[in-house]
Each structure stands twice: as C-alpha cells, then as structure tokens.
Amino acid sequence: MAEFAMQALLGVLTPANLLASLAGVLFGLFVGAIPGLTISLGMVLLLPVTYTMNPITSISLLLGLFISGMTGGSISAILLNIPGTPSASATAIAGHQMTRRGEAAQALGTAVTSSFFGALFSLAVLVLVAPIVARAALKFGEVELAALVFLGLTLICSFGQRSMVKGLISGVLGLMITTIGLDPIVARPRFTFGMVELQSGINFLPVMIGLFAIPQILNGLVMRTEEIPRYEGKISNVFVQIKRVFAHLRYKIVAALIGTGVGAIPGAGGPIAVFLAYDMARRMTPKKDREAYDNGNEIGVAAPEAANNGINGGALIPMLTLGIPGDPITAILLGALMIQGLTPGPLLFRSNPVFVYSVFWAFLVGAIFVLFVTLLTMKVWVAVLQIPRWVLLPIISIFCVVGTFSLRNSFWDTGVMLFFGLLGFLMIRYGFPVVPMLLAIVLGPDFESHTRLSLITSKGDPAVFLRHPISLVFVVIALFSFLSPIIRSMLKKKEGT
Amino acid sequence: MKANREKIVIGAVLLAISIGYGYMTAHLPTRNLPNTLGLDFMPWVYDILLAILSLLLIGSGIWGSTGGAGAKQLGGREIGGTFILFAIFVAYIYLIDAVGFLIVTPFVVFAMMLLGGARQYVKMGVISVVVTVTIYVLFRYVFVVSITGIAFT
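Small disclaimer: the values here were computed from a predicted structure and weren't measured.

**Q** Sorry, what's going on with helix α4 (residues 55-80) of chain A here?
**A** All names here are of chain A. The end-to-end C-alpha distance of α4 is 38 Å, a good match for the 38 Å that 26 residues give at a rise of 1.5 Å each. The principal kink in α4, of about 30°, is found at glycine 69. Here α4 lies mainly inside the structure; 26 of its 26 residues are buried. One or two residues past the end of α4 sits asparagine 81, with phi positive at roughly 65°.

Encoded structure:
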C-alpha cells in the first residue's frame, strides 16, 4: 500500500501534472466566481481537452477545478451578495454583511481558509472510508449492482427535486436515450434508423455540454435574466488571513463533517449542507454572541465554507468506490475517467490502486494550490467579476462547438450538443430538472446490463432482487425515497385541515 | 391555471413520445437466444414508466391544485433571439468546414456579442479577433485538435 501511495505521489508531482492542477484551480476560480457560470459548465468545457491527456493529468486538472470552483463561488457571494455557485448561498448571508461594514478582506480570507480546512477534512474521510467501502462492494454481484444503480437513479430523480414526477420523467427520458445504439448483451442495433452515427449510441459528452452550457448561453445572451452589479470597494491584503486556517476549529470540524456526510449522499446537493452548517454553527454559538452572528461575523462565513468544500471529498466516496455519481460534477468526473478507459468502482481499487492514490494526492495538491493562489490573487478575481456577459458567453459558445467537434472530429456531435441544448432550455423553462437526465445517461448502460444479466441468471424471476439481502436493502431505501415526499405532503394536508 | 394547462400539454406530448417509442420497440427484432431477455425488455420497461408518469402529469394538471403562474411568457425579442442564436450555431458548424475556423469565428463572436446587447463596435471587433486566434492556437497546438484554420489552402 505504501509503495502504491509513493508511486502515485511521484506521478502527481511531475511538472505537467502540477501545471494541470494549477490550470484547473485558476479556471475553477474563474467559473466559480462569476455568477451564472457554474462548476459543471467549467468541467464540461474542459472534458474534451482531457481526451489528449493521461489519466493523472486529467484528474489533476478536473479536481483542481472542482475544489477551486467551490471556493470561487464565495467571492461574489461576499462582495456582491450573489452566490457564484449554489453552494455559496449561505456564505452570502454573513459575508456580505461583513463587506458592508468594510470587512471584505477578512470575510474573503475566512472563506478561503475555511474552504481549505473543509477540503482537507473531507480528504481525510475519503482516504479512510473509501477503501473500506470498496472492499465491501467487491462482494457485490450483478443483482446487488443493479439494485445499487437503481437506488442511485431514484435518489437523484426524487430526492431534493421540486416535482418528483418531473424528476422521474427526466430520468426515464435519459434511460430511453441510452437504448439507442447497440444492445449491450446481444450487440444488435436498436433505434438507429440505419444511421452509422447512431450505432455507437448517443455520446454523453455532447449531451452534457448541451444540457449545461447552451441554456446558460441562451439565458445570458438572449433572455438576459439578471444584471450583475459592480463591486466598487477596495480589497486590502487578504493573504494575512492565512494564519486563520485553524481558527474557530470546533465550528469548522462540525461543518466539515456535515458537508462530507451530505456530499456522500447522492442527490442531496450542496445548498442543503451549507444551510445545515450555517444553522448548526448558530446553535453552537453562545447566546450572548448570537446577535453578532446574525449581523454577520467570521463564524457565519467559516461554517458554510467549511461545509461547502467538505462536499468535495464526500461526493467522491460513492463515485470512486461504487461508480455512482451523486451530483452533476461527479457525473462529469465519472465521464472523464471513462474517457481514459477507467471504470470507477470497487474493481478500480484492486486493478489500479496507483490511480486511486493519485486521486487522493491530486486532491491535496489542488487544495493547497487553491489556498495560496486565491489568497495571493484575490484582487484579480474581484476584477474578473466585472467582465461583461457579452464577452464571456460568445467565448464559451466557441469552446462548446470546438470542444464537441474535437471528441471524434465530427460535427455530428456538435449537432447532438445543439439538440440537447434546446431540449435542456425547454426542460428548465417548464420546470424539468436536467440533472436526472444526465445521470440516467451516464448510469443507464450499466443499469441495463446488470439488470438483464441478473434476470438471465435467475431465469427471468424478478424476485431475485428481493432474495439477496443487500439488494433488498437498496430496493427498500429506493422505495422509501419515492414514498417519503408523498407521505410528507399527505401529513401536511392533514395538519392543515 | 396556466401551470395546470402546461402540465396537460406537456403530459400529452410525453404520452405521444411514449406511444411512438412503444411502436418502435414493438418492431425491434425478437430474441433469438434461449433463456435470455430480448433486446426489447428494457425499452418496454422505460416505455411503460414514461406512459404512467405522463398520465400522472396530465392527472395533476386536471385535478391538481389551481394556481401557479407557469413558465414566464416569452416576448417577441426573446423568441426571435433564440432562433437567431441557434441559426448562428448551425451556420457556424457548416461554415467552419467550408470556409475555415479563422475566417468565420470572428464574425460569429461579433454576432453573438451584438445579440447580447453590446454596441461598442471597435472593442467588439478587437475582442473577436483576439479570441479567435487564442482559441485556435490553444486547440490546434496545445490540445492538438485538427480544426481547419483556413479552408482551400
């Protein structure tokens, strides 16, 4: 184990991989800081680029972006009261109040150092827990794997969605899309209409880029849904705040624990973790200091930011150990690994332990880069907030077209991107979430092969999913996730009458 | 009221998709290996699920609570802008191969900036050219993607 870890460390510390990590950090700060641009968008834009990279360079780039994007979202949250990412929503509450009192530098420094703490904490949990989960998952057969993917899909489709029916419809449509192409068991074509381009199915990368990027471009250029105010103040030296990494330790530990735990649950989402952490920190604050907390103080920034980056490591646990992405970002990471021919899951820990350790080291390197780079270059990111949408969005558009073309040197993929872009725009407009569709497209092929192989071995008996204990547990949890919103709303109606 | 009407219409469209998908599934080749589920098994599962969910959506539109503003009405500018943006994308995809990335991209970037409400034409021109060259160099020489710089050279 130690030799794999050492080999991985030497691999991550090469100049090329350090540069990739730094590039990911800078790009992540950029997309995280600017409201309207998301971490998912940044990752899908970089995905085609990772085709030409080796796996460690690719993961260094994307993890750098993942960690820094979460941190970058706090910059506009604190300065403009507009979160750059949904997970920075709670930071805006205390952070912007500090800015109004002239304490912007302190708030920003607290946010960055707390994010670093959260990332480190979640990395420690990831390193400790992931091998244990992977070892347990090695005992899974086809039946357990089918039930696990079913659980992942139902959690994403039903948990945390405003309308469960719409979430499920989005997921089912995604699953239907995965049936286009060659059947995974008997390799006969389905729904290809004789077209060569459809033989290999719909590539998930143009779908991802279309679903995430095009609606944002449309909203920014055509709908112009929001105007971003300018920040006119000055920022004093933020770097001195680095000594505050371990300040307010008990609040940060609890918050990071919340972030890591929530991040590990598929479908739970960043905003849940950060608001839970904000609320928990308030409860932990002595009564005499509550007023200061409510008026915006360091703890009100530190807690949600520690939770925010605690999500990073937590979300990687189910993705790396089980191959189940819990959110769009880890779904994109999963896609990036599949591009490299790596299949996340328990077998990855056995067949490629050096790569697994590389992920851990790349995470640590990314977190360290984020801390120092953000604190040293804070004034740059404040200036970046002023870049107008009409400059950024056309550039993103060109990236999308060239990026999707570069996947297979084919404009067919660019056409697919545009189709799903329009579909994504319509879905968002009418209240259908796009994340379930995306995750269904990523997990659908595995779901079909595991399910059909399970039924083949049981000679078509569906009760096989209930006879295996682990599978039964997964199915029960999935049913509970379906029924609990219905039961909750029935109870609410009863209380109201 | 409007939200309920939307649910009924969208539910009907999804039901139609489910019927079409079911028709295509029914015409898939039947299984030819013993003791295996055919390649139509999962498509049927998804089709039935979609049909049920569509009916649920239609039902919630008919019998659900009234109220809800539904999706915001799009004005003429927004609908026109959407068409123009997609037309720009389609034309761009066609013209990159026919004319070359370096020639067509500055015009596309300029057009999108115009669509986004920018009116500082000199600044827009300079940005368009700089962005084009930067992206070309990045993809062509750093990421080694073979895009045609200038066609017919």
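**Q** Is there a simple way to explain the interface of chain A and chain B in this structure?
**A** It is common to give the size of an interface as the accessible area lost on bringing the parts into contact. Contacts between chain A and chain B engage 45 residues on the former and 49 residues on the latter. Going through the elements one at a time, α8 (164-177), α10 (204-223), α19 (389-408), α20 (411-429) and α21 (435-457) of chain A are the ones with two or more residues in the side of chain A that touches chain B. Ranked by residues supplied to the side of chain A that touches chain B, first place goes to α19 of chain A with twelve residues.

**Q** Hey, could you run me through the nonpolar core in this one?
**A** Generally speaking, nonpolar side chains in soluble globular proteins are found buried as a group. Judged by nonpolar contacts, the single largest core of 203 residues is most densely connected at Val44, Leu62, Leu108, Met208, Ala277, Ala303 and Leu438 of chain A. Counting residues per element, this core draws most heavily on helix α6 (residues 104-137) of chain A, at 17 residues. There are two domains that each give this core at least three residues, and those are domain 1 (2-63) and domain 2 (76-142) of chain B.

**Q** Even after reading the chapter, I still don't get the packing of helix α14 (residues 298-322) of chain A against helix α15 (residues 328-339) of chain A, so can you show me in this structure?
**A** The axes of two packed helices give the description: the angle between them and the distance between them. Residue and element names in this part refer to chain A. For the pair α14 and α15, interaxial distance at closest approach is 10 Å and the crossing angle is 45°. In this view, α14 runs oblique relative to α15, as classed from their interaxial angle. The chirality of how α14 crosses α15 is right-handed. Residues Ala315, Leu316 and Met319 of α14 pack against Ile329, Thr330, Leu333 and Leu334 of α15. Residue composition of the contact of α14 with α15, by class: six nonpolar, one polar and no charged.

**Q** Is there a simple way to think about the domain arrangement of chain B in this case?
**A** Domain annotation of chain B identifies domain 1 (2-63) and domain 2 (76-142). A C-alpha centroid distance of 40 Å is found between domain 1 of chain B and domain 2 of chain B.

**Q** What am I meant to see in unusual backbone geometry here?
**A** In most cases, non-glycine residues show a negative phi, while peptide bonds are predominantly trans. All names here are of chain A. Notably, alanine 187 is not glycine yet its phi reads approximately 55°, a positive angle. Along the chain, alanine 187 falls in the loop between β1 (181-182) and β2 (189-190). The exposure class assigned to alanine 187 is exposed, which follows from the 9 C-beta atoms found within 10 Å. At lysine 459, a position not held by glycine, the phi torsion is positive, near 55°.

The rules we used
- Residues numbered from 1 in each chain as written.
- Chains lettered and ligands numbered in written order.
- Predicted model: local features only at pLDDT ≥ 70, side-chain atom pairs only at ≥ 80, totals over all residues.
- Helix = DSSP H or I, 4+ residues; strand = E, 2+ residues; numbered from the N terminus.
- Expected span 1.5 Å × (residues − 1).
- Bend = angle between axes of the 7 residues up to and from the residue.
- Buried ≥ 20, exposed ≤ 12 C-beta atoms within 10 Å, placed from the backbone.
- Contact = placed C-beta atoms within 7 Å.
- Core = buried A, V, L, I, M, F, W, Y, C linked by C-beta atoms within 7 Å.
- Domains from an automatic or database assignment.
- Axes fitted to C-alpha atoms, helices over the stretch in contact; angles between N-to-C directions.
- Parallel < 35°, antiparallel > 145°, perpendicular 65-115°, else oblique.
- Left-handed = near helix turned anticlockwise from the far one by under 90°.
- Nonpolar A, V, L, I, M, F, W, Y, C, P; charged D, E, K, R; others polar.

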